[in-house]
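The residues making up each chain are set out below.
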Amino acid sequence: MNKICIMAAFMLLTVHVNAQQQKTPRQLFPGLFESVQSSDIFPDNKTFVDCTPKYPPSQIMKAYNEQLGKTGFDLKEFVVANFTIPSGVNNVFETNIELGIRKHIDTLWKVLQRKRDADFKQSSLAALPNPYIIPGGRFREIYYWDSYFTMLGLQESKQTRVIGHMIDNFAYLIDTYGFIPNGNRTYYLTRSQPPFFSLMVNLLAKSQGNKILLKYQPQLLKEYNYWMQGSTKLAKNNASHSVVRMGDGSLLNRYWDESTEPREESYIQDVDAAQNTKEPLPVFFHNIRAAAASGWDFSSRWFKEANAIGTIETTDLVPVDLNCLMYNLELTLAHTYQLKGNQAFYKRYQNKAEARKKAILKYFWDESAGWFQDYNWVTNKISETPTLAAVFPLDFKIATQAQADRVAQGLKLNFLKPGGLVTTLNFSGQQWDAPNGWAPLQYMAVTGLENYGHNDLAKDIATRWALLNIRVFKKTGKLLEKYNVVDTSLTAGGGEYPLQDGFGWTNGVLLKLMNKYQIDENPGE
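Residues numbered from 1 in each chain as written. Predicted model: local features only at pLDDT ≥ 70, side-chain atom pairs only at ≥ 80, totals over all residues. Heavy atoms only, no water.

**Topic: the overall build of the chain**
Right, so step 1: Secondary structure summary: the chain contains 21 helices and 16 strands in total.
Right, so step 2: Its C-alpha atoms give the chain a radius of gyration of 23 Å, within 12% of the compact-globule value 24 Å for 525 residues.
Right, so step 3: Principal-axis analysis of the C-alpha atoms gives the chain an extent of 75 × 70 × 50 Å.
Right, so step 4: Burial analysis of the chain (525 residues in total) assigns 57% to the buried set.
Right, so step 5: Put simply, the chain shows about 21500 Å² of open surface, and 50% of that area lies on carbon and sulfur atoms.
Right, so step 6: Taken together, the 56 basic and 51 acidic charged side chains of the chain have centroids lying 7 Å from each other. (Helix = DSSP H or I, 4+ residues; strand = E, 2+ residues; numbered from the N terminus. Rg over C-alpha atoms; globule rule 2.2 N^0.38 Å. Buried < 20%, exposed > 50% of the residue type's maximum accessible area, 1.4 Å probe, protein only. Areas by Shrake-Rupley, 256 points an atom, 1.4 Å probe, with all protein chains shown as cover. Lys, Arg positive; Asp, Glu negative; His and termini not counted. Charge placed at Lys NZ, Arg CZ, Asp CG, Glu CD.)

Listed below in structure tokens is the structure:
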């Protein structure tokens with residue numbers, strides 16, 4: 001084993017130790033946790049795991065075990081007495097619609113900003129050293145891939161310093177845990193999310209120069225090592241953690257979570273959903289968690305049967321969007337070594353990127369469908385579920401012009417709706433399916449289409465999406481997490497929780513598209 005491999009192994013071992021030292025609410029409050037999450041005390045399972053204990057967990061558990069079963073014991077009263085209950089993010093904020101949507105977004109940057117965290121070890125919050133922007137609603141912490149799209153708006157608002165703080169926080173998380181968790185909560189320390197860190201760094205480098213790429217090269221390398229963990233000794237047609245070695249020897253990635261338990265923040269939903277699966281429960285819960293790592297939780301994209309979450313098979317799928325993001329990470333690493341004048345390592349990562357590009361075109365392009373699809377590495381079959389993830393090869397200029405033209409045609413014929421692009425063509429009841437549209441996917445589609453000269457379609461998508469956002473804002477005073485793009489008179493639905501407002505990535509993408517295409521917030525007036 002060479003020196004680099006030994007160092008990487010040591011860093012990963014340190015990462016696992018750090019993650020294990022921070023206990024989750026379920027680990028801190030065994031029995032009490034299950035009782036609360038299975039009760040109707042809080043309609044949302046995320047509320048309890050975000051509570052702050054008023055006393056040491058051992059003291060709370062001693063009191064709970066002593067009082068449990070006694071006459072008159074009230075679980076809700078016990079929780080209220082021993083925990084500080086978190087409030088909704090936007091409860092104290094009242095919108096003034098008359099001031100307009102741009103002023104609203106400018107105000108929201110302040111409403112959604114959090115100062116550096118106090119390091120209170122009993123809380124599930126993994127403290128961050130710098131200020132940051134949260135999504136809003138029930139999402140009281142920073143989220144990984146959300147933050148890139150939030151940064152697009154912060155860039156438009158000239159809030160470069162906030163972008164820098166957030167990237168520093170992500171670098172801190174990488175240095176502490178070896179990867180960027182789903183969010184800065186202890187119950188998220190078993191998984192990451194779509195790896196947008198290299199895009200964040202490149203975004204900041206546009207305004208501050210190549211010194212930014214060099215500054216964050218160590219963290220970029222650590223993130224890459226996290227995603228490629230176990231790849232060196234991996235046999236063909238096998239997988240380890242997030243990496244898969246395909247039948248031809250090429251390396252691709254999948255979404256992964258280290259746990260096989262129900263998610264703590266969605267405990268009762270996972271337990272209930274498990275009643276409708278034929279899979280062993282550890283396998284089912286693992287696939288549920290891996291789908292959460294994708295950010296697309298949940299979508300028929302991950303199911304064997306479109307309307308059956310019990311058939312979820314996330315870890316069997318090699319996703320097209322994830323591998324395009326990994327391609328960008330490899331190119332970014334190559335660029336950092338080029339800037340340093342290290343030709344050998346520049347070529348190493350450039351070759352990795354070229355090998356991945358070749359594999360992406362081989363495994364994900366479906367010629368008969370004219371679409372980029374996920375690939376099932378277990379069955380060696382391409383997925384038959386078309387999704388908006390197909391635009392990612394256009395975003396990173398991996399597709400050929402002919403392929404991009406066919407994707408553009410498919411978008412226009414099948415995915416384009418009155419309010420923008422629908423996420424999939426399946427009306428499954430899951431939130432990452434029809435009729436819903438999401439800000440990050442609209443943006444990736446728009447930029448991908450522009451890379452291949454489909455400017456009119458890109459503008460059409462951006463305009464439909466922005467005008468839908470604006471109409472809903474004027475009606476409700478809110479910018480929402482997701483939208484119904486099929487019937488724009490209806491609100492979006494599906495998912496495990498009520499529709500959230502705030503909303504970080506919606507604000508960011510909307511402001512970016514309005515500025516880019518000079519979209520009037522008072523059309524027709």
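Further notes follow.
**Quick word on the pattern of salt bridges**
Right, so step 1: Using the criterion set out here, one finds 26 salt bridges in the structure.
Right, so step 2: For E265, the salt bridge is made with R191, and the minimal N-O distance between the two is 2.9 Å. One end of the pair, E265, is in the loop between β7 (251–253) and α13 (267–273); the other, R191, is in the loop between α9 (160–177) and α10 (197–208), with 74 residues separating them in the sequence.
Right, so step 3: Assessed through its relative accessible area of 1%, R191 is described here as buried.
Right, so step 4: Taking the shortest distance from any N to any O, the salt bridge between E481 and K482 comes out at 3.5 Å. (Salt bridge = Lys/Arg side-chain N within 4 Å of Asp/Glu carboxyl O.)

**With respect to the environment of D487**
Right, so step 1: Looking at the element boundaries, D487 is found in the loop between β16 (483–484) and α21 (504–517).
Right, so step 2: Given a relative accessible area of 33%, D487 falls into the partly exposed group.
Right, so step 3: Placed 73 residues apart in sequence, D487 and N414 show a C-alpha to C-alpha distance of 15 Å.

**Description of the packing of aromatic side chains**
Right, so step 1: The tally for this structure, following the rule as stated, stands at 38 aromatic pairs.
Right, so step 2: Taking the centre distance of 6.3 Å and the plane angle of 80° together, the rings of F149 and Y443 count as edge-to-face. Placement of the pair is F149 in helix α8 (residues 144–156) and Y443 in helix α19 (residues 439–451), with a sequence separation of 294 residues.
Right, so step 3: Given the relative accessible area of 10%, Y443 is considered buried.
Right, so step 4: A cation sits over an aromatic face here: R301 above W296, 4.4 Å from the ring centre.
Right, so step 5: In this structure, K352 packs its charged tip against the face of Y349, placed 5.9 Å from the ring centre. (Phe/Tyr/Trp six-rings, centres within 6.5 Å; stacked < 30°, edge-to-face > 60°. Lys NZ or Arg CZ within 6 Å of the ring centre and 35° of its normal.)

**Some points on helix α12 (residues 217–227)**
Right, so step 1: Within α12, eight of the 11 residues are buried, which leaves it mostly tucked inside the rest of the structure.
Right, so step 2: What α12 keeps buried is the set Q217, Q219, L220, L221, E223, Y224, Y226 and W227.

**Observations regarding the sheet that holds strand β5 (residues 238–240)**
Right, so step 1: As summarised here, the arrangement of the three strands in space is β5-β6-β7, forming an open sheet in which the pairing is antiparallel. The outermost strands of the open sheet, each flanked by one partner alone, are β5 and β7. Strand-to-strand twist of the sheet, defined as the mean angle between neighbouring strand axes without regard to direction, takes the value 25°.
Right, so step 2: Note that strand β6 (residues 243–245) and β7 share three bridges and pair antiparallel. (Pairing = 2+ DSSP bridges. Axes fitted to C-alpha atoms, helices over the stretch in contact; angles between N-to-C directions.)

**Considerations on helix α16 (residues 343–363)**
Right, so step 1: With 21 residues, α16 should reach 30 Å at 1.5 Å per residue; the first-to-last C-alpha distance of 30 Å fits that figure.
Right, so step 2: The inward-facing, buried residues of α16 contact α12, β7, α15 (320–340), β9 (365–366), β11 (375–376) and β12 (381–382). (Expected span 1.5 Å × (residues − 1). Contact = heavy atoms within 4.5 Å.)

**Remarks on the nonpolar core**
Right, so step 1: Core analysis: the biggest nonpolar cluster contains 166 residues, and L32, F149, F196 and F197 have the highest contact counts within it.
Right, so step 2: When residues no more than four places from it in sequence are discounted, the contact partners of F149 are F196, P440, Y443, M444, W505, G508 and V509. (Core = buried A, V, L, I, M, F, W, Y, C linked by side-chain atoms within 4.5 Å.)

**A short note on the sheet that holds β12**
Right, so step 1: In space, the three strands of this open sheet follow the order β8-β11-β12, with antiparallel pairing throughout. The open sheet has two edge strands with one neighbour each: β8 (317–318) and β12.
Right, so step 2: Bridge count between β8 and β11: two bridges; the pairing is antiparallel. Bridge pairing in β11 links V318 to Y375.

**A short note on the confidence of the model for the chain**
Right, so step 1: Confidence in the prediction of the chain, expressed as mean pLDDT, is 94, and 94% of residues score 70 or more.
Right, so step 2: Mean pLDDT values over the elements of the chain span from 46, in helix α1 (residues 3–21), up to 99, in helix α17 (residues 392–395).
Right, so step 3: Predicted confidence for residues 1–17 stays below pLDDT 50, and this span has 12 contacts to residues more than four positions away or in other chains. (pLDDT = per-residue confidence, 0-100.)

**Some words on unusual backbone geometry**
Right, so step 1: Cis geometry marks the peptide bond from D297 to F298; its omega dihedral reads 5°.
Right, so step 2: Relative to the assigned elements, F298 resides in the loop between α14 (281–294) and β8.
Right, so step 3: Cis geometry marks the peptide bond from A434 to P435; its omega dihedral reads 10°.
Right, so step 4: Along the polypeptide, P435 turns up in the loop between β14 (420–421) and β15 (436–437).
Right, so step 5: Within the chain, H241 stands out as a residue other than glycine whose phi angle is a positive 55°.
Right, so step 6: You can see H241 is positioned in the loop between β5 and β6.
Right, so step 7: Since its relative accessible area comes to 22%, H241 is described here as partly exposed.

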